[in-house]
Amino acid sequence: MKIPFLSFDRINDQIKVETLEFVESFLDSKAYILGGQVNTFEKEYARFSTTDFCVGVSNGLDALKLSLLALNIGVGDEVIVPSNTYIASALAVSHVGATPVLVEPNIRTYNIDVTKIEAKITAKTKAILPVHLYGQACEMDKVMSIAKKYNLYVVEDNAQAQGASYQGKMTGSFGEVNATSFYPTKNLGALGDAGAITTDNEELASKIQALRSYGSTVKNKHEVIGYNARLDELQAGVLNVKFQYLERWTAERQQIASWYKEALSNCEGIILPFIIGESTSVFHLYTIRTNNRDELQEYLNTKGIETLAHYPIPLHLQDAYKELNHKKGDFPIAEELSNTMLSLPLFIGMKKEEVELVAQEIKMFCNKNVKKEDVR
Ligand SMILES: *Cc1c(COP(=O)(O)O)cnc(C)c1O
């Protein structure tokens, strides 16, 4: 039996009929850009996020970029970004001309270490950009109180945690403006690129509406130098279909995670995800840690089990960020994570037997390894 890291087959089966029906009516609608589908989705997603406004945009990176632009963050400014994240979080900061200032993650939650933020704040700092990584909400009370103390904006990167919460409050509702992505593999995924911004600030929402569409909200009037960064109407329609399932799918991801937790509970040498009491996780990924990551990945591969490392090269060691002048050893926790993290298969429709099979092979590998070390 082969177990892929991720498969669209089973999730697509659930939505196929409705999606094809939508595509047919879409063709006939002849309203292909910023029509009713985008509008409906924005209303639904704002309600879900418990924010007053949602603005659909082209993808997650643009959502982050337009969020920062709306706050007038640019050249000469610094933005606090976790050192352990997908590179897009930092790229958005660079794209507006500002500098990402990296802060180490907490070794247990993998999210930004809130005790290390203040030391990185300077007179140039304009915002904190927390990322709810792998689906778990960051410690937002601490982030918000630091932001308040230093008069900084908060812009959440909620690409991986749609539906998660901290102390009962939804991710994507804490910051001044917050970004998310509907890249196909995200918890709510389109059939192509898509993203959104959530905010309670009406002025910022309308500024972002202008920014995403040539700087214009009224035909032929251009208020700012805008972009073409609209949420595609076809993708919005697909999102309207899939959105109905999101809560069910989140519960399913959490169920799969609890199967893994149970099956791997006394597996020596394997560190399981740690979810703090105040946070929920929507388990975008089920990421374990082990010192023998590469060997384990190779072993599972020979057994037909596909896994991925998130993320194998930390931001500060990427060629793209040479200009930040960081070297190996500067962010030891991010480096440690990049060498030890392994994400296990997790997708909608995954069966308990499949989870147990993955766990069984991991245990097999660990037992072998323990014995090998005993011999030495
Ligand atoms: C996916 C992702 C993004 C970027 O989203 P795109 O839609 O691919 O541009 C940004 N941040 C994080 C944490 C992500 O996982």
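Every value quoted in this text rests on a predicted model; they were computed, and no experiment measured them.

Draft legend 1. Layout of the side chain of Thr19. With respect to the helices, strands and loops of the structure, Thr19 is situated in helix H1 (residues 9–29). The class of Thr19 is buried, set by a relative accessible area of 7%. Excluding residues within four positions of it along the chain, Thr19 makes contact with Leu191, Val238 and Val241.

Draft legend 2. Layout of the sheet that holds strand S1 (residues 53–57). What the three strands build is an open sheet, ordered S1-S9-S8; its pairing is antiparallel. At either margin of the open sheet sits one strand with a lone partner, and together these are S1 and strand S8 (177–181). When the angles between neighbouring strand axes are averaged without regard to direction, this sheet yields 20°. As judged from the five bridges shared by S8 and strand S9 (residues 195–199), these two strands associate in the antiparallel manner. Note on S9: the bridge partner recorded for Ala179 is Ile197. Across the face of the sheet, helix H3 (residues 60–70) comes into contact with S1, S8 and S9 while running at roughly 170° to S8. Strands in contact with helix H6 (residues 202–212) are S1, S8 and S9; relative to S1, the strand with the most contacts, it is inclined by about 15°.

Draft legend 3. Geometry of the packing of aromatic side chains. One pass over the full model with this rule turns up 15 aromatic pairs. Taken together, a centroid distance of 5.5 Å and an interplanar angle of 45° make the contact between Phe22 and Phe26 tilted. With Phe22 and Phe26 both in helix H1 and four residues apart, the pair spans about one turn of that helix. Side by side, Phe22 and Phe26 carry an identical accessibility label, which is buried. Geometrically, the ring pair formed by Tyr245 and Trp249 is stacked, given 5.1 Å between the ring centres and 15° between the ring planes. Joined through ring pairs, the aromatic side chains of Phe41, Tyr45, Phe48, Phe182 and Phe243 make up one cluster.

Each value, and the rule that gives it
Residues numbered from 1 in each chain as written. Predicted model: local features only at pLDDT ≥ 70, side-chain atom pairs only at ≥ 80, totals over all residues. Heavy atoms only, no water. Helix = DSSP H or I, 4+ residues; strand = E, 2+ residues; numbered from the N terminus. Buried < 20%, exposed > 50% of the residue type's maximum accessible area, 1.4 Å probe, protein only. Contact = heavy atoms within 4.5 Å. Pairing = 2+ DSSP bridges. Axes fitted to C-alpha atoms, helices over the stretch in contact; angles between N-to-C directions. Phe/Tyr/Trp six-rings, centres within 6.5 Å; stacked < 30°, edge-to-face > 60°.

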